[in-house]
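Residues per chain are reported as follows:
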Amino acid sequence: MATEGGGKEMNEIKTQFTTREGLYKLLPHSEYSRPNRVPFNSQGSNPVRVSFVNLNDQSGNGDRLCFNVGRELYFYIYKGVRKAADLSKPIDKRIYKGTQPTCHDFNHLTATAESVSLLVGFSAGQVQLIDPIKKETSKLFNEERLIDKSRVTCVKWVPGSESLFLVAHASGSMYLYNVEHTCGTTAPHYQLLKQGESFAVHTCKSKSTRNPLLKWTVGEGALNEFAFSPDGKFLACVSQDGFLRVFNFDSVELHGTMRSYFGGLLCVCWSPDGKYIVTGGEDDLVTVWAFGDCRVIARGHGHKSWVSVVAFDPYTTSVEESDPMEFSGSDEDFQDLLHFGRDRANSTQSRLSKRNSAESRPVSVTYRFGSVGQDTQLCLWDLTEDILFPHQPLSRARTHTNVMNATSPPAGSTGNSVTTPGSSAPPPLPRSNSLPHSTVSSAGSKSSVADGAVASGVSKFATLSLHDRKDRHHEKDHKRNHSMGHISSKSSDKLNLVTKTKTDPAKTLGTPLCPRMEDVPLLEPLICKKIAHERLTVLIFLEDCLVTACQEGFICTWGRPGKVGLLSSQNQASSPGGTVV
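In every chain, residue numbers begin from 1 and rise along the written sequence. In keeping with the model being predicted, local features are shown solely for residues with a pLDDT of at least 70 and side-chain atom pairs are shown and tallied solely at 80 or more, while totals for entire chains, interfaces and linings include all residues. To get the side-chain values, take all heavy atoms of the structure and skip hydrogens and water.

Asks: Explain the overall build of the protein chain here, please?
Replies: Comment: elements are numbered from the N terminus, with helices defined as DSSP H or I runs of at least four residues and strands as E runs of at least two. In terms of regular secondary structure, the protein chain is built from 8 helices and 33 strands. Summary of the burial criterion: residues with accessible area below 20% of their type's maximum are buried, those above 50% are exposed, and those between are partly exposed, where the area comes from a 1.4 Å probe applied to protein chains only. For the protein chain, the residues scored as buried account for 58% of the 581 residues in total. Throughout, a residue-residue contact means that at least one pair of heavy atoms, one from each residue, lies within 4.5 Å. Contacts spanning at least 24 positions in sequence make up 61% of the contacts within the protein chain whose residues lie at least 6 apart. In short, Shrake-Rupley with a 1.4 Å probe defines the accessible areas, and a residue's cover is counted only from the protein chains shown. As displayed, the protein chain has an accessible area near 23500 Å², and 50% of this comes from carbon and sulfur atoms.

Asks: Is there a simple way to explain the UniProt feature "repeat: WD" (unreviewed entry) in the protein chain in this structure?
Replies: UniProt positions are given in the numbering used here, feature names are shortened, and annotations may be inferred rather than shown by experiment. With numbering matched to this structure, UniProt assigns "repeat: WD" (unreviewed entry) to residues 258-289. The distance from the first to the last C-alpha atom of residues 258-289 is 8 Å, and the span holds 0% helix and 59% strand.

Asks: Would you mind showing me how to read unusual backbone geometry here?
Replies: Backbone geometry follows two general trends: most residues other than glycine have a negative phi, and most peptide bonds adopt the trans configuration. Here the residue pair Asn211 and Pro212 is connected by a cis peptide bond, since its omega of -5° sits within 30 degrees of zero. By secondary structure assignment, the location of Pro212 is in the loop between strand E15 (199-205) and strand E16 (214-218). Unusually for a residue other than glycine, Arg37 sits at a positive phi of about 60°. Among the structural elements, Arg37 can be located in the loop between strand E2 (22-26) and strand E3 (50-54). You can call Arg37 partly exposed: its relative accessible area is 29%.

Asks: Before we go on, may I ask you to explain the packing of aromatic side chains in this structure?
Replies: The geometry of an aromatic ring pair is captured by the separation of the ring centres together with the interplanar angle, meaning the angle of the planes. Stacked, edge-to-face and tilted are the three classes for Phe, Tyr and Trp ring pairs, Trp counted by its six-membered ring, which pair at centre distances within 6.5 Å; planes under 30 degrees apart are stacked, over 60 edge-to-face, the rest tilted. Throughout the structure, instances matching the rule amount to 26 aromatic pairs. Where Trp270 meets Phe291, the ring centres are 5.5 Å apart and the plane angle is 55°; that geometry is what we call tilted. Of this pair, Trp270 sits in strand E21 (residues 265-270) while Phe291 sits in the loop between strand E23 (285-290) and strand E24 (295-301), and the two are 21 residues apart along the sequence. Accessibility classification places Trp270 together with Phe291 in one group, the buried group. The structure contains a cluster of three or more aromatic residues connected by ring pairs, namely Tyr32, Phe52, Phe67, Tyr74, Tyr76 and Tyr78.

Asks: Is there a simple way to explain the sheet that holds strand E14 (residues 189-196) in this structure?
Replies: Within a sheet, neighbouring strands are paired by backbone hydrogen bonds and run either parallel or antiparallel to one another. Spatially, 6 strands are ordered E11-E12-E13-E16-E15-E14 in an open sheet, and the strand pairing comes out antiparallel. Single-partner strands in this sheet number two, and they are strand E11 (152-157) and E14. Adjacent strand axes in the sheet meet at a mean angle of 20°, parallel and antiparallel pairs treated alike. Here 5 bridges tie strand E12 (residues 164-169) to strand E13 (residues 173-178), and the two strands are oriented antiparallel to one another. Paired with Ala168 across the bridge in E13 is Met174. Any two strands between which DSSP finds at least two bridges are classified as paired. The angle between two axes is taken between their N-to-C directions and runs from 0 to 180 degrees, where each axis is a line fitted to C-alpha atoms and a helix contributes only its stretch in contact.

Asks: How should the environment of Tyr24 be read in this particular structure?
Replies: Relative to the assigned elements, Tyr24 resides in strand E2. Under the relative-accessibility criterion, Tyr24 is labelled buried at 0%. Measuring from C-alpha to C-alpha, the distance between Tyr24 and Trp558 comes to 6.1 Å, with 534 residues separating the pair along the chain. Residues adjacent in sequence count toward polar contacts only when both atoms are side-chain atoms; beyond that, a polar contact is any pair of N or O atoms within 3.5 Å, and within protein one must be able to donate a hydrogen and the other to accept it. Within polar-contact distance, the side chain of Tyr24 engages the side chain of Glu21 at 2.7 Å.

Asks: So what exactly am I meant to see when it comes to the pairing of strand E32 (residues 545-550) here?
Replies: Taking burial as the measure, the 6 residues of E32 include 6 buried ones, the bulk of the element. Burial along E32 is two-sided: Cys545, Val547 and Ala549 facing one way and Leu546, Thr548 and Cys550 facing the other are all buried. Across 5 bridges, strand E31 (residues 536-541) lies against E32 in antiparallel orientation. Bridge assignment links Val538 to a residue of E32, and that residue is Ala549. Taken together, E31 and the strand that follows it, E32, pair antiparallel across an intervening segment of 3 residues.

Asks: How should the pairing of strand E17 (residues 223-228) be read in this particular structure?
Replies: On a regular strand, each side chain points to the face opposite its neighbour's, so the side chains alternate between the two faces of the sheet. Extensive coverage of E17 is indicated by the burial of 5 of its 6 residues. For E17 and strand E18 (residues 234-239), the ladder comprises 5 bridges, and the chain directions are antiparallel. In the strand pairing of E18, Leu223 is matched with Ser239. Linking two consecutive strands that pair antiparallel, namely E17 and E18, is a turn of 5 residues; a positive phi of about 80° is found at Gly232 within it.

Now the structure itself:
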């Protein structure tokens with residue numbers, strides 16, 4: 001909504017954007033695609049996906065990338081922001097007949113300069129294990145399609161394991177495999193291991209150990225994506241039935257669930273410290289779910305179509321012990337931030353637990369995450385402590401200002417801001433996507449989403465500043481056959497309950513499983529830019545850049561602030577894509 005208007009400008013593809021850290025630039029010479037650079041005709045084909053691995057070789061250029069386009073699979077040296085891409089020399093290239101690659105994953109644990117294990121899932125249900133460096137195909141799993149005949153939607157190595165991997169299918173089933181075991185020549189027989197709300201786990205009954213070791217049946221419809229928590233202990237799954245289900249992977253217990261506003265959920269990711277999960281899907285929203293409380297703490301609206309990928313940026317997610325660091329957007333500042341980015345991401349968990357136990361507010365937390373969608377737009381979002389810890393400011397000032405703020409938008413509001421509970425301080429800054437925000441100080445932009453947030457599940461008066469937005473969402477509901485008349489409004493204190501009982505999807509709206517739009521803060525994107533001609537299918541955050549890809553088969557590298565100047569002088573001559581923007 002924040003991106004409407006602007007006419008011709010809106011259809012222009014952006015090659016740069018600015019955030020509080022500075023300027024991100026598209027690097028044309030770092031674009032990867034099929035060697036002929038011809039846009040791929042993507043009708044009816046599977047999404048383009050990208051996987052990265054670092055081989056830790058001595059040259060300092062150990063990054064490799066794999067991507068699928070149609071029935072082709074490519075494996076290249078990834079030179080990132082340092083050098084121009086040489087598309088004429090893929091390390092490995094494969095063309096498949098009768099089936100298409102749909103997803104892939106490297107084993108980071110076993111990768112060396114001489115050998116790397118890559119799993120590839122296919123549209124007909126098989127999973128292949130290949131070594132693109134040795135150019136070997138070592139094994140094919142579900143070769144006869146006796147285990148599952150449906151498309152592979154997601155494949156991942158189990159964290160910390162050299163041999164176990166998990167495969168999700170469009171059938172709604174997931175299978176745990178061991179690369180050392182065979183799949184057998186007959187269809188597997190299963191024995192129930194554990195059953196719970198909308199899921200069942202079976203073991204494979206056979207005299208000798210064979211694949212699959214486990215079969216998970218989760219929800220209804222396709223299981224679109226899953227993601228392991230950073231510590232590898234929990235598994236978040238999103239399905240076409242609109243549910244996020246989070247399991248303890250080892251004990252096979254259901255930890256918590258959440259339901260989309262409507263439609264299927266398509267993508268899921270964890271925060272670097274494992275405290276929050278973000279999902280995206282067919283409701284055009286990103287939804288933030290707190291792992292500890294098992295509840296929705298915020299939704300974000302910026303996309304105009306289905307959200308295909310969500311990802312946290314561990315290098316911009318920061319935990320500050322004292323006052324928030326102010327960013328002027330200068331390169332030195334951001335290089336310092338990046339230098340500590342990895343440490344920050346790793347120590348976020350311990351520092352956040354310290355933050356949670358403290359009564360005062362000495363620590364400032366900002367999580368950065370991004371999303372891309374079928375609307376060809378990239379959105380970046382900041383999750384600030386006003387959203388994460390809403391109870392403290394409210395306990396100080398739960399007064400009638402709540403009603404005032406909730407019912408009257410602040411003066412000068414563009415309609416893109418969200419109301420502030422219990423604050424008579426300056427009104428929230430109107431959110432706008434026309435960057436750069438030269439007038440917004442860094443501290444201001446850090447808290448502007450937060451200032452505009454309503455504490456979830458606490459204030460009964462919490463509502464959006466723009467009522468027609470609420471009406472629009474309700475209209476959408478009616479169009480999608482939700483019967484809203486019979487849903488009683490739940491008291492807000494019930495939002496802290498974990499719901500594990502069976503619920504009729506039509507009755508979940510207004511419950512902790514799926515709060516109403518006005519019951520949780522609505523985030524506005526920091527930036528929302530059209531960056532491609534075709535739908536976007538990839539978003540990956542790396543230390544010095546972020547990587548996006550679209551269905552035409554172009555993998556684009558966006559240099560982070562302070563990282564772009566390193567190469568314009570070195571690579572200008574060798575850049576096949578012309579000069580750096």
